[in-house]
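# Structure assessment
If you want the building blocks of each chain, they are given just below.
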Amino acid sequence: MRRELLGAAARDTSATEAEARAEQGALRVRELTASQLLRVSDLEGANPPAALEGSDLERNVRDRVLTTTLDKAVAWARSNSFFPLSFGLACCAMEQFQTAGPRMDIARFGYEAFRASPRQADLIILAGRVSIKMAPIIRRLYDQMLEPKWAISMGACCSSMGVFNNYALVPADKFMPIDVHVPGCPPRPEALMHGVLKLRKLVQADPDLGWRERYGALGTEEKPLDA
Amino acid sequence: MPDAPGLELLAKELGEAALETVYFRGRATLIVDPQRIRWVLGELRARGYRFLSSVHGVDHYPDEPRLGVIYELLDMSRVDRVTVKARVPLGEPVIDSVTHDGSDGPGWPTANHQEREVYDMFGVTFRGHPELRRILMPEDYEGHPQRRDFPVGGEPVHFTYNDPARRAASR
């Protein structure tokens, strides 16, 4: 019994040694990469870039340079820094606040700059029910936002009117283009977060999102004043 | 609450302005002549019911007179409540406003917005109200949505499956 235990202990030690060796190997790899980087950083210092030629130069360029289109770069930047409008309509707004709170922390993704003015915002989150008296006001806010602009309809009420499908309400799609609908009554902060990240994905794929085609609004593009 | 005999005494003091009394589950209700609502509320105020805690409307469809206006009065020193109801016909849904002061005594300023709400939702016109216009619905709204014969309304919801244009776009 005792011998067996000792044997097991011995096996354990050998396993740890192997792990340590593997770790050393990983360290070695890291060292190599670092020295490579050092060599490359030399380019800006003592050794002129001309020192690299042929396949070396190609590899250097492949490792260090990332090419993309300007559109994509701009869409990437925009989609990672939405400026939402500080705007809440009903109970969904409570969940919207929570999205900005520490548990969900919308700032992780760069969307924490809630703007008080529609002219500084590019994302409007309709969090709650939209009454027919409120609709013209929301439309006005939306019109005051500068393009490119996006809209999220949060919760059942402003997408399909939910339990308030009556004389007093109007679904948001009837008076403004909506890019993402977040279902729920109300949606949890996670759900809204998911919706915003969906929007990010959409914007990265196609900044325009084609809403003018979907809503028959071709020809309403904002034009420069001198055009 | 006044108890049942107390309610009868109150009705007796109001004379023929009180049409009926209802005492149900500990709640005292006076049904009064809509023509004399200002006088009735004034009398009740003199008897201690000095706080008008609510004014609201009701639609008794299909009975006539169809529309009702309900005043909840509260005596805060005795913690005593009484409900006053007046019924007006649909053909001429007019009742005196109790908002403003008049020659027949002071008004109840709190009734201002509540009478506007009753007007907005049920279409009861309050004669003499300082600013009788809609309060909840848009100013250009047609109809009075809390009437029982008003359509519930609502919009057909555009899901992907019942909107051909979206269906095509989503493919």
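Residue numbers here run from 1 along each chain, matching the order of that chain's written sequence. Working convention: letters from A go to chains and numbers from 1 go to ligands, in the order in which they are written. With pLDDT at 70 or above as the cut-off, local features in this predicted model cover only qualifying residues; side-chain atom pairs require 80 or more to be listed or tallied, and sums for whole chains, interfaces and linings still use all residues.

## Concerning the nonpolar core
Definition of nonpolar core: a set of buried Ala, Val, Leu, Ile, Met, Phe, Trp, Tyr and Cys residues joined via C-beta atoms within 7 Å. Working definition of burial: number of other C-beta atoms within 10 Å of the residue's own, with buried at 20 or more, exposed at 12 or fewer, and partly exposed in between, all C-beta atoms being placed from the backbone. Residues Leu123(A), Ile124(A), Ile125(A), Leu126(A), Val130(A), Ile152(A) and Met154(A) are the most contacted members of the largest nonpolar core, which totals 35 residues. Those elements that provide at least two residues to this core are β1 (123-127), β2 (150-154), α6 (156-160), β3 (180-182) and α7 (189-205) of chain A. A residue pair is marked as a contact if its C-beta atoms, positioned from the backbone, fall within 7 Å. Beyond its immediate chain neighbours, meaning those up to four positions away, Ile124(A) contacts Leu85(A), Phe87(A), Leu141(A), Tyr142(A), Met145(A) and Ala151(A). Counting residues in hydrophobic clusters, the runner-up holds 31 residues, among them Leu14(B), Ile95(B), Val124(B) and Phe126(B). What counts as a helix is a DSSP run of H or I of at least four residues, what counts as a strand is a run of E of at least two, and both are numbered from the N terminus.

## Details of the environment of Trp108(B)
All names here are of chain B. Within the secondary structure, Trp108 sits in the loop between β6 (94-96) and α3 (111-122). Residue Trp108 is classed as buried on the basis of its C-beta count, with 23 C-beta atoms lying within 10 Å. C-alpha separation for the pair Trp108 and Leu44, spaced 64 residues apart in sequence, amounts to 12 Å. Every residue in contact with Trp108, bar those within four places of it in the chain, is listed here: Leu52, Val98 and Thr99.

## What to know about α3(B)
All names here are of chain B. To estimate how far a helix should reach, multiply one less than its number of residues by 1.5 Å. Under the 1.5 Å per step criterion, the end-to-end length of α3 is 16 Å for 12 residues, consistent within 8% with the ideal 16 Å. Buried residues dominate α3, accounting for 10 of its 12 residues. What α3 keeps buried is the set Ala111, Asn112, Gln114, Glu115, Arg116, Val118, Tyr119, Asp120, Met121 and Phe122. Of the residues flanking the end of α3, it is Gly123, one or two places downstream, whose phi is positive at about 80 degrees.

## Observations regarding the sheet that holds β3(A)
All names here are of chain A. Two strands pair if DSSP finds at least two bridges between them. With parallel pairing, the three strands of this open sheet are ordered in space as β1-β2-β3. Looking along the sheet, the strands with just one partner apiece sit at the ends: β1 and β3. Strand-to-strand twist across the sheet, computed as the mean angle between neighbouring axes with direction ignored, equals 15 degrees. To obtain each axis, a line is fitted to C-alpha atoms, and for helices this fit is confined to the stretch in contact; angles are then taken between N-to-C directions over 0 to 180 degrees. This element, helix α4 (residues 92-100), spans β1 and β2 of the sheet and lies at about 135 degrees to β1.

## Considerations on the confidence of the model for chain B
Residue-level confidence of the predictor, termed pLDDT, takes values from 0 up to 100. Mean pLDDT over chain B: 89, with 95% of residues reaching 70 or higher. In the predicted complex, the global pTM is 0.72; the interface-specific ipTM is 0.75.

## Concerning the interface of chain A and chain B
Think of interface size as the accessible area that goes away when the parts come together; that is how it is often given. Listed as interface residues are 12 residues of chain A and, on the opposing side, 10 residues of chain B. Think of it as three bins: nonpolar holds Ala, Val, Leu, Ile, Met, Phe, Trp, Tyr, Cys and Pro, charged holds Asp, Glu, Lys and Arg, and polar takes everything else, Gly as well. Its residues placed into classes, the side of chain A that touches chain B shows five nonpolar, three polar and four charged.

## Looking at the sheet that holds strand β3 (residues 51-59) of chain B
Residue and element names in this part refer to chain B. Taken in spatial order, the five strands line up as β1-β2-β5-β4-β3 in an open sheet, and their pairing is mixed. Every interior strand has two partners, whereas the edge strands, β1 (18-24) and β3, have only one. On average, each strand axis in the sheet is inclined to that of its neighbour by 20 degrees, with strand direction left out of account. Where strand β4 (residues 67-75) and strand β5 (residues 80-88) come together, nine bridges link them in antiparallel fashion. Pairing of Leu74 across the sheet is with Arg81, part of β5. Helix α1 (residues 4-14) contacts β1 and β2 (27-32) of the sheet and is inclined by roughly 170 degrees relative to β1. Relative to the sheet, helix α2 (residues 37-46) contacts β2, β4 and β5, its axis offset from that of β5 by approximately 175 degrees.

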